[in-house]
Amino acid sequence: MLETLPVTERAAAAPGRRLSRAAPFVVAALAALALWIAPLFLDTFAVNVLTRSMIYAVLAVTVDLLWGFAGILTFGQAAFFGIGAYATAMILAAYGATPLGIAAAVAAALVAPALLGLAVGWLSFYHRSTPLYASVISLVVPIVVVQLIYSGGEWTGSSSGLVGFDVLPFEIEGYFRLAALFLIVVTLAAWILVRADAGRALVALRDNEARCAYLGLNPRRLQIRLTAALAGIAGLAGFLFANASGVVAPENAGFLFGTELVIWVALGGRGTLLGPVLGTIAIDYLAANLSGDLPFLWQLLLGTAFVAIIILLPGGLADLVGRLWRALPVGRREPAPPRLVARVAGTEATGTGIPILKVENLAKAYGALTVLEGIDLEIRAGELVSLVGPNGAGKTTLMRCLSDGTEPFKGAIAVGGTPITGLTPNRIVGLGVGRKFQVASVFESLSVADCLRLARAPHDGLNPVGQAETLGLPQAALDVLRMTGLDRLLTRPTRLLSHGQKQALELAMVVALEPRLILLDEPTAGLTKAERTTIGTVLKALTAGGRIAAVLVEHDLDFVREISSRIVVLHQGRLVLDGTVEDVVGSELVRTIYSGGAHG
Amino acid sequence: MLLTLDILTTAAILFIVSIGLLAIFGVLKIINFAHGAWLTVGAYCAVVTAKLGLNPWAALPLAFAVGAALGGLAEHFIIRPLYRRPLDAILATWGLGIVVGQLVTLAFGRDVQLTPNLYAGTVEILGVDYSAYRLVAFGIALAIGTLFALIIERTRLGLSARAVIMNETLARSLGIDTGRVRLVVFMIGAGFAGLAGVLLTPLTSVDPNMGVSWLIGAFMLVMVADASYLALAAACLVFGAAQVLISTFVSPILGSIAIAVLAALVLRISPKGFSRA
Amino acid sequence: MVKWSLVGAAALALAATAGQAADGKPIVIGIPIGLSGANSVVAPSVVQSAELAVEEINAKGGVLGRKLVLEVADDASGAAGAQKAFDSLIYQKKVDVLISMETSAARNAGLPAVTKGKVPYIYTSFYEGHSCNRNMFVNAWVPEQQVPPVVDAFKAKGAKTYFLIGSDYAFGRGMLGFAKSYVEKTGGKVLGEEYLPMDGSDWTAIISKLKEAKPDALITSTAGGAPNVTLTKQLRGAGVTLPFANLALDEGTAKSMGADAEGVYLSASYVTGIDSPENKAFLAAMQKKFGAELRTPNDLSVPEYEAIYLYKAAVEKAGGTETAKVLEALPTVSVTGPRGTITMSKQHHAPLTMYLGQIQKDGTVKVAGTFTDVDPGAQCPKLP
């Protein structure tokens, strides 16, 4: 049963959408044509310099994907580029530019950097690694690679680099066109990727890695794959460079070149693809013309401009242009929202025997401070359990232990019979746990629809080349959207939502995961009365089906009394009471705890 | 014997070079890429001191003052606006490093500068002739470490800084002016870096790029130490020893990348580095 | 086909040169050089000596009645910069010849453009040897010329065992590699050969190895400038007082090392103290032209000066600037300059008179030995 719901009135934007989908191809074709005939009008100097600039621009695109979109600040692309270039030069020197030699060179230039990229990715990204750490590793990689090149003796030509190897049989115009085509293909592919649903995952990763993991996406795998893939692209650029210039040198792999790439991307405008491409070409071309006359001043100007742009205009020059463009009437265009579609919930009723959540003798300490001790808890489908207790009772810590098996704790936690010790959050999500954070955790630079689509990614996948026209959500998630009016705001960027709307969106995202167990940390904090009622209704409806259990941490006792099927009281890290609403509300102990008497 | 002295003095020099970076990393949670430029500025203070005909040791207070003053300006105009964008702050410090390097070049030229030796000659210690200055440097490292410990453990600033390191939000809610702590710590960190620049002059060439070669090692040591000066001392000893041993018994080329590679692996395996102990 | 130049200034320059009569058109000499980067310390002195040569030649009526013009481009002392500099000079400034000193990486990076652009190239920097290109001639020394005077002098003083220390790059390894084979060929022994990366700044472990090896003499060959100063400071700090030859040392760097450089030996084809009328006239002319701005002439700047005269002689012999004819004439012409009489007759390289010098307390170089017309050996067996 697949029920379609025409939600919005503006769904009839199909022609416009088709046009905008074709636009990149048209632009790319025009650019290819223009660059194809460009060598006829440019002098040899310009052709030569621009050939290299365009190869560098390919690298800028990879840096932009990593840094501008996925938030991984990298200085390492130079190393992958250098390895591709050296692999090419060494193979071509040994076997000549025979078809076999060239094929081997292409393969090596792609595979060798990609393998190193995998290793670097493994080193840089692990559960709880920091972006800073990844950046510093990316700085170490080119330094080590250059050191190896230096000590490579005749193999690598040491500091002199390699020169005089056979290259592809092209004239300089041929290389210009080859570089132009390569740049256009890479940029177009990147463009398609970032505009597609799958590209949203990159931005999501940059915005909020934790939320990605708690949607069941594996941020590490994504980051490692991206690093390896883009290392391969950089290696191919190295292949082209070695052929076009006929020489490779250690500085092509050096970290100074890596930082230069970042500077070009920053000035051009990170996260815009075209900005870095044009920025790289313009700056590199300008440098070829100006740096001879004012070598030190040039560096000084570039450095100053870089600092100024980072502070004052983080979006780079492309952002400035973009703002001007959007200020024009033609530049303002509202994207069409996807059509909302109801999906029948996929999870079948769980086996009756096994509780959804079973906690046995759980204990957790931060150093000498014991936060949780001797917790035993069992929760079955259909239950709506409220976790109450004063500040510092250990409620949030308990939630954290339930959703992240890498938290060091003692005792056992099992979800649906599977122990979670050592499991990362995304794998626990895979077991059917959804977690809503205390402070709404959504993707600030994405639209409402994109956030929801990412929540469905583990179930439905993401379109790698385009934007799906429909958005299928479980009925419960649709209900949340409808009750909070978010269904009319699908294209709105989430950073523009109100506090309550963000909370509702996060709830909808968690519900869209179709979890068996929902963990909610103070879902009503800071919400209006009406919003609170809505959320209560949703939760009750969810658990009433008898397939889903919910655990919520709550301070608002009235709210708790209204919706809970069971209440668990934590105090000073211990579970002091576990019973029905009547049991707990009537309890003397609870009154003492909340009146502050038992605080010390 | 020679090996032991080499390890101890290498560790001491690494400690001197990275302590300023550690202070900044601890409180501001950013790696200051302009650290190399700060070292360079410090070393050029030694050049200026020599040109003025002053006692070479007078360069120390001058370098600290100049480093701190420039650090204050940098914190106010560059780091503070980027408080919420830490990766951008790092990039901005890299840009600042380029600018400072080029300004030094414009002012002094690219040539290697002549600096007077702070402490020349050798000392016979336990049967080997050893560079007197390296032994002095070891003593200076101990002194700097002690001074640093006193600031951290015994002063109001140290208390505030520790609070900010542990939990900045909480520190602010306790009425600590975290903005001021960040400023003062950045100034002190930059001051220490300037100091280190002077102390490097008897060991290395003084030229506009001199700082760069010390950068990566210092970064890695500080990341491993994770805001604890005791952990930094331990890291300097362990990785300094690794560098010396690998250089001596395997190859100086591998030795020179030993710190970076080993520290990266240590962080991968134990993300909290040496600070857990 | 109409070719546009993207840069207005260049277009104007082209238009201006095109306006002159073909025979009166100036001869353009391109100097790709490291105005920034590692070579920026020495580059100004090289440009100065080129300027003097051009001024002198133009004052005497130029070459075949045509004036000489210099075009200087920054190669940033590296490969990427060199590609831009060579492209700019060859294709944009349309130079007739390239005459310059560069790092080996920059030279190699420029060679493909030299071949494609079909211009003669005189390389004026000493280097590790065996770089061969039909269009390139070298008028500076290679290891075969520089190392023997040093080793021979140490041997004469009774040194039997040697320790070699260098920077890990082509020049460092090339020089010490040759030094090792030469030491062994002449009956000596190499106790150790150690390298540190170019940007390495901690020589501690290597110096300790040196002290434990207890050799009779030490030969170093680091990258110029910073590593050289760093190594020397640390050697002196560690109390090393062996006979010590520094293959990468020049007079200027020796001065900036102050007392640390005292007693160090160097081997060069040019020192300012050469007692010849040509050298004295050259030094006086440089002093007169540049005055307070003068950068001390050295073993990298003087070959530039002489190379311009060599090119002049070749053009005059060839009767024009046509590349094929100039390349044919270049190995046959001789010029007597500050370093003596130079002919690039040996496989595109030149026999040179070498000087063994020792640094004095005040930083000046005292000539301790002269070796006339040292042969560069078989550098490019495939070239005539």
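Residues numbered from 1 in each chain as written. Chains lettered and ligands numbered in written order. Predicted model: local features only at pLDDT ≥ 70, side-chain atom pairs only at ≥ 80, totals over all residues. Heavy atoms only, no water.

The name given to chain C in an unreviewed UniProt entry is Substrate-binding protein, and the organism recorded there is Methylobacterium longum. UniProt's Sequence similarities (unreviewed entry) comment on chain C is quoted here verbatim: "Belongs to the leucine-binding protein family." (UniProt positions renumbered as here; feature names shortened; annotations may be inferred.)

Chain A has the name ATP-binding cassette domain-containing protein in an unreviewed UniProt entry, where Methylobacterium longum is given as its organism. In the Sequence similarities (unreviewed entry) part of its UniProt record, chain A is described as follows: "Belongs to the ABC transporter superfamily." UniProt annotates chain A under Subcellular location (unreviewed entry) with the comment "Cell membrane".

Observations concerning the interface of chain A and chain B
Counting residues at the interface gives 37 residues for chain A and 39 residues for chain B. Notably, a salt bridge pairs D88(B) with R270(A), separated by 3.0 Å at the nearest N-O pair. Applying the counting rule to chain A against chain B returns six residue pairs in polar contact (both at pLDDT 80 or more). Elements with a minimum of two residues in the side of chain A that touches chain B: α4 (99-124), α5 (131-150), α10 (255-268) and α12 (295-312) of chain A. No other element matches α5(A), which puts 11 residues into the side of chain A that touches chain B. Of the residues belonging to the side of chain A that touches chain B, the class tally is 28 nonpolar, eight polar and one charged. (Contact = heavy atoms within 4.5 Å. Salt bridge = Lys/Arg side-chain N within 4 Å of Asp/Glu carboxyl O. Polar contact = N/O pair within 3.5 Å; in protein donor to acceptor, adjacent residues only side chain to side chain. Helix = DSSP H or I, 4+ residues; strand = E, 2+ residues; numbered from the N terminus. Nonpolar A, V, L, I, M, F, W, Y, C, P; charged D, E, K, R; others polar.)

Re the interface of chain C and chain B
It is common to give the size of an interface as the accessible area lost on bringing the parts into contact. Taken together, the contact between chain C and chain B spans 34 residues of the former and 32 residues of the latter. Of the charged contacts, one joins R295(C) and D111(B) as a salt bridge, the two residues approaching to 3.4 Å between their closest N and O atoms. The interface formed by chain C and chain B includes 14 residue pairs in polar contact (both at pLDDT 80 or more). Within the residue set of the side of chain C that touches chain B, elements represented by two or more residues are β7 (189-196), α7 (204-213), α8 (226-237) and α9 (251-257) of chain C. In terms of residue count, α7(C) provides more of the side of chain C that touches chain B than any other element does, seven residues in total. In the side of chain C that touches chain B, the residues fall into 11 nonpolar, 12 polar and 11 charged.

Examining the domain arrangement of chain A
Residue and element names in this part refer to chain A. Segmenting chain A into domains produces domain 1 (41-256) and domain 2 (357-594). Each of domain 1 and domain 2 has a C-alpha centre, and these two points are 42 Å apart. Contacts between the two partners involve 23 residues from domain 1, matched on the other side by 34 residues from domain 2. Buried surface at the junction of domain 1 and domain 2, both sides included, amounts to about 2,400 Å², of which 59% is carbon and sulfur. In this assembly, domain 1 and domain 2 are joined by three salt bridges. One salt bridge in this structure joins R211 and E506, with 2.4 Å as the shortest N-O distance. (Domains from an automatic or database assignment. Buried area = accessible area lost by both parts, 1.4 Å probe.)

Quick word on the packing of helix α2 (residues 43-59) of chain C against helix α10 (residues 277-290) of chain C
Residues and elements named next belong to chain C. In the contact formed by α2 and α10, the axes pass within 10 Å of each other and the chain directions differ by 100°. When the interaxial angle is binned, α2 and α10 end up roughly perpendicular. Here Q48, S49, E51, L52, E55 and E56 of α2 come into contact with α10, specifically with F282, A285, M286, K289 and F290. (Axes fitted to C-alpha atoms, helices over the stretch in contact; angles between N-to-C directions. Parallel < 35°, antiparallel > 145°, perpendicular 65-115°, else oblique.)

Describing the domain arrangement of chain C
Residues and elements named next belong to chain C. Per the domain assignment, the segments of chain C are domain 1 (8-141 + 275-350) and domain 2 (143-268 + 356-374). Summed over both partners, the interface of domain 1 with domain 2 comes to about 890 Å²; 62% of that surface belongs to carbon and sulfur atoms. Summed over the shared surface of domain 1 and domain 2, the number is zero salt bridges. Our count for the domain 1 to domain 2 interface comes out at one residue pair in polar contact (both at pLDDT 80 or more). Of the residues in the side of domain 1 that touches domain 2, the class split is six nonpolar, two polar and two charged.

Topic: the sheet that holds strand β5 (residues 369-379) of chain A
By way of backbone hydrogen bonds, the strands of a sheet pair with one another, either parallel or antiparallel. Residues and elements named next belong to chain A. Taken together, four strands build an open sheet; the order of strands is β5-β4-β7-β8 and the sheet is antiparallel. The outermost strands of the open sheet, each flanked by one partner alone, are β5 and β8 (418-419). Bridge count between strand β7 (residues 410-415) and β8: two bridges; the pairing is antiparallel. Bridge pairing in β8 places A414 opposite P419. (Pairing = 2+ DSSP bridges.)

A closer look at helix α9 (residues 212-225) of chain B
All names here are of chain B. With 14 residues, α9 ought to run about 20 Å at 1.5 Å a step, and its terminal C-alpha atoms sit 20 Å apart, in line with that. In terms of burial, α9 is largely enclosed, as 12 of its 14 residues are buried. Every buried residue of α9 is accounted for by W214, L215, I216, G217, A218, F219, M220, L221, V222, M223, V224 and A225. Phi turns positive, to about 50°, at D226, one or two residues after α9. (Expected span 1.5 Å × (residues − 1). Buried < 20%, exposed > 50% of the residue type's maximum accessible area, 1.4 Å probe, protein only.)

Brief notes about the packing of aromatic side chains
Applying the stated criterion across every chain yields a total of 31 aromatic pairs over all chains. With a centroid separation of 5.9 Å and an interplanar angle of 70°, the aromatic rings of F148(B) and Y229(B) are classed as edge-to-face. Of this pair, F148(B) sits in helix α5 (residues 132-154) while Y229(B) sits in helix α10 (residues 229-249), and the two are 81 residues apart along the sequence. Y229(B) carries the same exposure label as F148(B), and that label is buried. In textbook terms, an aromatic cluster arises when at least three aromatic residues are bridged by ring pairs, as seen for Y56(A), F81(A), F241(A), F257(A) and W264(A). The ring of Y366(A) carries K364(A) above its face, with NZ or CZ at 4.6 Å from the centroid. (Phe/Tyr/Trp six-rings, centres within 6.5 Å; stacked < 30°, edge-to-face > 60°. Lys NZ or Arg CZ within 6 Å of the ring centre and 35° of its normal.)

Describing a nonpolar patch on the surface
Residues and elements named next belong to chain A. A contiguous nonpolar patch, built from W36, I37, L40, F41 and L181 and spanning about 440 Å² of accessible area, is present on the exposed surface. By secondary structure assignment, the location of L40 is in the loop between α1 (14-37) and α2 (44-69). L40 gets classed as partly exposed once you look at its relative accessible area, which sits at 37%. (Patch = residues over 30% accessible without salt bridge, like charges linked within 9 Å, V, L, I, M, F, W, Y side chains within 5 Å. Areas by Shrake-Rupley, 256 points an atom, 1.4 Å probe, with all protein chains shown as cover.)

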